[in-house]
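A closer look at the structure
Residue-level listing of the chains:
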Amino acid sequence: MVRAENVCKTFYTTHKVEALVDVSCQIDKGDVVVIIGPSGSGKSTLLRCLNMLEKADKGHIYIDGVDILDPKTNINKVREEMGMVFQSFNLFRHKTAMGNLTLAQMVVRKRSKKEAEERAMALLEKVGIPDKVDSYPDSLSGGQQQRVAIARALAMDPKVMLFDEPTSALDPEMIGEVLDVMKTLAREGMTMVVVTHEMGFAREVADRVIFMDEGKIVEEGSPEHFFKAPTHERTKLFLSQIL
Amino acid sequence: MRTGNFSITDYLRTRGWRHISVGLFFVMMGLVVFGLFFATKKVEYVWRWYRVPRYFVYKDKIEIKAEIEGEVASIVSKGEEVEVTVRGADEEEVYPLPAESLRVDEGDFIYFGDVLGSYQKWKVGILVEGLWVTLKVSVIAVLLGIVIGLFTGLARISKNPALRWTAITYIELVRGSPLLVQIFIWYFVLGTMFNTLLAKQGLGQLSPLWYGVAALAVFAGAYVAEIVRAGIQSIHRGQMEAARSLGMTYPQSMRYIILPQAFRRILPPLAGQFISLIKDSSLLGIIAVRELTKATREVVTTSLQPFELWFICALLYLVLTFALSMFVQYLERRTAIGG
């Protein structure tokens, strides 16, 4: 489904930052993969490279067999099949929840307004806030906004969902409601790549956990292996710091 | 409890300062007006406001004169109008004129240049004509300026160097040189060249008005471009990323997500720019476009009442700019989030 091969990404800001160094990984259909690691370890960059919000410098990234780094690939077509949820929600501030959910369906998927609204309504019910259909993002709580954002991504019927620290900007009491939605998705068999600091979520839902540090994948394995018997010193140190 | 007791400190703490401030404002305005009035008393100037209305509307006397010599052969009534037929030795001429203006009878002998009928008609004065030209020039230049500014602003933030550098060059050239000089260049250089080209093709000439409009639009466009750029860049990067992550193309994201949000942010500076443009149109008088300022100048030279007329001129500009200002505030309210 998603395959990254020897992906490298370097940022040149005030100084050279090697965000990704020779990263390879594979995510199969139906997999829930959680990427964890200290801040600055390159986990968000990896996620953003998967749908080309950042362009990898080197290597190959295959989505459904299509090499997205090939200049001939139409990246918009690939992105249609990949939902993304951001840390800061990024809801369209000038549109209601309904507007947020229907816009891309109509513009990109060419659905009729009626069709798009039906799909939107069903998804708002699924994420538990059908009563907020006419609310603007600014009048919603963080948790509600993030659930609308998840629904917006789902409205496109993606094959993969990417989550970039979806709960990091939330007040503690709202984290649960967002994680619940994500757990439901995982149970329904959605392919998910989740960058998060929620170890509980990783333990409970993940099929596989990837631990990254300094732009490299240090360790990778099932949650049982990962939380009970990590092999690398760096992983042990990280887990001891956060658990 | 001190209710019922009037206390000056309580009054000051609640509504007093506001009342005093409002009073102060009116006192200051009054002083300015009185000061001006007092100053004009000191110079030898006779105010003649009654002379002003005629430059807005006036009654024009229209005389219909015979162009041949002969006898009034017939006067045929056709509703409100009459047709006077004058028959000369070997020619005949028919003059239609309003019934009440008729000055001749059947059988009268008419000499060349005799008045057959005369009447008065209301006509708009030169100031109204000038105001209309200013309004026309401003509206066209504002609309063109928005289009130019929008595309230049988008080009300015493009990754393509050809587009970006062209936009920067245009903006810097236009913003960095005086509008007066640009108007001269548009009319005397570009206008001459273009009109010569048109003439060689056997086509008609473009009037100075259009070169003036072009100069204003291109001038405003450069400023609008920077306003548009700043507006777009003020929208959080995440909005574009969210739109792109849903599979929308760059132009789609711009159109549906970024520009609608940027629009309401750029409205206030845009209003300022277009108010400037209305006032800058007063420079077009130098290329013989008879807009409001040039019209006023002409009227001043004939009436010799500069005080009244220049005040009126300023007031008319104020009417235009204030109307625009109100319109933009209405747009701001209408596009407010959740509104």
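Residues numbered from 1 in each chain as written. Chains lettered and ligands numbered in written order. Predicted model: local features only at pLDDT ≥ 70, side-chain atom pairs only at ≥ 80, totals over all residues. Heavy atoms only, no water.

From N to C terminus, chain A includes nine helices and 10 strands. The globule rule puts the C-alpha radius of gyration for 243 residues at 18 Å, and the 18 Å found for chain A is close to it. Considered along the principal axes of its C-alpha atoms, chain A spans approximately 55 × 45 × 40 Å. Per-residue burial for chain A yields a buried fraction of 58% across its 243 residues. Summed over its atoms, the accessible surface of chain A is roughly 10,400 Å², and 48% of this surface lies on carbon and sulfur atoms. Here chain A contributes 32 positively and 36 negatively charged side chains, and the mean placements of these two sets differ by 4 Å. (Helix = DSSP H or I, 4+ residues; strand = E, 2+ residues; numbered from the N terminus. Rg over C-alpha atoms; globule rule 2.2 N^0.38 Å. Buried < 20%, exposed > 50% of the residue type's maximum accessible area, 1.4 Å probe, protein only. Areas by Shrake-Rupley, 256 points an atom, 1.4 Å probe, with all protein chains shown as cover. Lys, Arg positive; Asp, Glu negative; His and termini not counted. Charge placed at Lys NZ, Arg CZ, Asp CG, Glu CD.)

Read across the open sheet, the four strands follow the order β4-β3-β2-β5 (chain B); overall the sheet is antiparallel. Of all the strands in the sheet, the pair left with one neighbour each is β4 (92-98) and β5 (109-110) of chain B. (Pairing = 2+ DSSP bridges.)

A word on helix α6 (residues 237-245) of chain B. With eight of nine residues buried, α6(B) is to be regarded as a mostly interior element. Tucked into the core, α6(B) has its buried residues touching α1 (43-50), α2 (75-80), β6 (82-85) and α5 (142-154) of chain A together with α7 (250-280) of chain B. Positive backbone phi, at 95°, marks B:Gly247, one or two positions downstream of α6(B). (Contact = heavy atoms within 4.5 Å.)

In terms of nonpolar packing, the biggest core is built from 96 residues, with A:Ile61 and A:Leu162 touching the most fellow members. Here the element with the most residues in this core is helix α5 (residues 208-233) of chain B; it accounts for 14 residues. Those residues within four positions of A:Leu162 in sequence are excluded, and the remaining contacts are A:Leu47, A:Leu50, A:Asn51, A:Met82, A:Gly83, A:Met84, A:Val85 and A:Val193. Among the nonpolar cores identified, the runner-up in size contains 48 residues, and A:Leu179, A:Met199, A:Val209 and A:Phe238 belong to it. (Core = buried A, V, L, I, M, F, W, Y, C linked by side-chain atoms within 4.5 Å.)

Attention now goes to the pairing of β4(B). Residues and elements named next belong to chain B. Relative to β4, strand β3 (residues 81-87) is paired through seven bridges, and the arrangement is antiparallel. Along β4, the bridge assignment pairs arginine 87 with glutamate 92. The turn joining β3 and β4, which pair antiparallel and follow one another in sequence, is formed by four residues.

Turning next to the side chain of B:Glu241. The topology assignment puts B:Glu241 in helix α6. Note on B:Glu241: relative accessible area 10%, which makes it buried. Other than its neighbours up to four places away in sequence, B:Glu241 contacts A:Arg48, A:Leu53 and A:Phe86.

Residues and elements named next belong to chain B. At their nearest, the axes of helix α2 (residues 126-156) and α5 sit 5 Å apart, and the two run at 40° to each other. Classed by the angle they form, the pair α2 and α5 counts as oblique. Taken as a pair, α2 and α5 cross one another with a handedness that is right-handed. Classifying every residue of the contact of α2 with α5 gives 19 nonpolar, five polar and four charged. (Axes fitted to C-alpha atoms, helices over the stretch in contact; angles between N-to-C directions. Parallel < 35°, antiparallel > 145°, perpendicular 65-115°, else oblique. Left-handed = near helix turned anticlockwise from the far one by under 90°. Nonpolar A, V, L, I, M, F, W, Y, C, P; charged D, E, K, R; others polar.)

This part takes up a nonpolar patch on the surface. A cluster of nonpolar side chains, B:Leu180, B:Val181, B:Phe184, B:Ile185, B:Phe188, B:Val189, B:Leu190, B:Met193 and B:Ile286, forms an exposed patch at the surface whose accessible area comes to about 720 Å². Within the secondary structure layout, B:Leu180 lies in helix α4 (residues 179-200). (Patch = residues over 30% accessible without salt bridge, like charges linked within 9 Å, V, L, I, M, F, W, Y side chains within 5 Å. Salt bridge = Lys/Arg side-chain N within 4 Å of Asp/Glu carboxyl O.)

In this section: the packing of aromatic side chains. Residues and elements named next belong to chain B. One pass over the structure, following the stated rule, counts 16 aromatic pairs over all chains. Ring centres 5.8 Å apart and planes at 15° place the aromatic pair tryptophan 47 and tryptophan 49 in the stacked group. Take tryptophan 47: its relative accessible area is 28%, and that puts it in the partly exposed class. Centre to centre, the rings of phenylalanine 219 and tyrosine 223 are 5.2 Å apart; their planes meet at 55°, and the pair counts as tilted. Of the two residues, phenylalanine 219 and tyrosine 223 are both situated in helix α5; the distance of four residues between them amounts to about one turn of the helix. Since its relative accessible area comes to 10%, phenylalanine 219 is described here as buried. (Phe/Tyr/Trp six-rings, centres within 6.5 Å; stacked < 30°, edge-to-face > 60°.)

This next bit is on the environment of A:Gly40. Along the chain, A:Gly40 turns up in the loop between β3 (32-36) and α1. The spatial distance from the C-alpha of A:Gly40 to the C-alpha of A:Glu214 is 7.0 Å, given a sequence separation of 174 residues.

Everything listed here is a matter of geometry and, on its own, says nothing about what the molecule does.
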